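For reference, the chains in residue letters:
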Amino acid sequence: MAGHIERIRNDLLKGKVWLVWDGTTTAATITVDTQGPLALNEQPVWPADKLRESALYVRRVIVRRRYAGRGLGAALLDWAADTARRNHETALIRIDVWTTNLNLHAYYIGQRFTPCEGRDPGELANYPSQALFERKADQSGSAYRTMFVEEDGPDEP
């Protein structure tokens, strides 16, 4: 648990976490990273042949329950796809999800992600998120710009 909290803190400090605000309420969040995720034993989650391809990795896509069903998660994924192309000049976005959460697998497939072959599960020290999905960044589908506006954070003093 401490390692998980530390990873979230590091992502926040490095500017990888994006929030969707509805006034003063956080409606959703997404984390994007140019580096692939590491398992608990610090091994890359994605297989070596996939790591040779440039991709933007998406993590912790979370929509507050009261905002569910409005397409906000889909909009965040489309924003990530546009960000991959625009800011990182990469053609793919990727995500790893809990292996046992078949409803989540179906959700990502519905969001135009393709399941990918992973590593040997024994190599990743019981890492729970070994279901791998990727999507071409040019498959942005929703009009996310009508749902939220991208803004930089506050200026440093």
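Residues numbered from 1 in each chain as written. Predicted model: local features only at pLDDT ≥ 70, side-chain atom pairs only at ≥ 80, totals over all residues. Heavy atoms only, no water.

K.L.:
Help me understand the packing of aromatic side chains, please; the structure alone is not making it clear to me.
P.N.:
To describe a pair of aromatic rings, you give the distance between the ring centres and the angle between the ring planes. Tallied over the full model, the rule gives five aromatic pairs. Plain terms: the ring middles of W46 and Y57 are 6.1 Å apart, the flat faces sit at 65° to each other, and that makes the pair edge-to-face. Taken together, the positions of W46 in the loop between strand 2 (25-33) and helix 2 (48-51) and Y57 in strand 3 (residues 56-63) put the pair 11 residues apart, joining distant regions of the chain. With relative accessibility at 3%, the residue Y57 sits in the buried group. A network of ring pairs unites the aromatic residues Y107, Y108, F113 and F133 as a single cluster. Above the ring of W46, the side-chain terminus of R94 is found at 4.8 Å from the ring centroid. (Phe/Tyr/Trp six-rings, centres within 6.5 Å; stacked < 30°, edge-to-face > 60°. Helix = DSSP H or I, 4+ residues; strand = E, 2+ residues; numbered from the N terminus. Buried < 20%, exposed > 50% of the residue type's maximum accessible area, 1.4 Å probe, protein only. Lys NZ or Arg CZ within 6 Å of the ring centre and 35° of its normal.)

K.L.:
Just to check I follow, could you spell out the sheet that holds strand 6 (residues 131-136) for this structure?
P.N.:
Working definition: the strands of a sheet are paired by backbone hydrogen bonds and lie parallel or antiparallel to each other. Pairing in this open sheet of six strands is mixed, and the strands run 1-2-3-4-6-5 from one edge to the other. This sheet does not close on itself; its edge strands, each paired only once, are strand 1 (17-22) and strand 5 (114-116). Averaged over neighbouring strand pairs, the angle between their axes works out to 30° when direction is ignored. Pairing of strand 3 with strand 4 (residues 92-97), which is carried by three bridges, proceeds in the parallel orientation. Across the sheet, the residue bridging to Y57 is R94, located in strand 4. (Pairing = 2+ DSSP bridges. Axes fitted to C-alpha atoms, helices over the stretch in contact; angles between N-to-C directions.)

K.L.:
I keep staring at the pattern of salt bridges and nothing clicks. Help me out?
P.N.:
For side chains bearing opposite charge, pairing can occur when the charged atoms are close. All chains considered together, the criterion is met by 13 salt bridges. Residue R94 is joined to E53 by a salt bridge in which the shortest nitrogen-to-oxygen separation is 2.8 Å. In this pair, R94 sits in strand 4 while E53 sits in the loop between helix 2 and strand 3, placing the two residues 41 residues apart along the sequence. Exposure remark for E53: the relative accessible area of 36% places this residue in the partly exposed category. A single salt-bridge network, built from bridges that share partners, covers D11, K16, D33, R59 and R60. (Salt bridge = Lys/Arg side-chain N within 4 Å of Asp/Glu carboxyl O.)

K.L.:
Would you mind going over the side chain of Q111 with me for this structure?
P.N.:
Structurally, Q111 is set in the loop between helix 4 (102-110) and strand 5. You can call Q111 buried: its relative accessible area is 12%. The contact partners of Q111, leaving out residues within four places of it in the chain, are A74, L77 and R135. (Contact = heavy atoms within 4.5 Å.)

K.L.:
Can you help me understand the nonpolar core in this one?
P.N.:
The nonpolar side chains of a soluble globular protein tend to be buried with one another. One finds V58 and F148 to be the most contacted residues of the largest nonpolar core, which totals 26 residues. Elements supplying a minimum of two residues to this core: strand 2, strand 3, helix 3 (72-88), strand 4 and strand 6. Broken down by element, the residue count for this core peaks at eight residues, all from helix 3. Not counting residues up to four positions away in its chain, the partners in contact with F148 are V20, L72, A75, L76 and W79. (Core = buried A, V, L, I, M, F, W, Y, C linked by side-chain atoms within 4.5 Å.)

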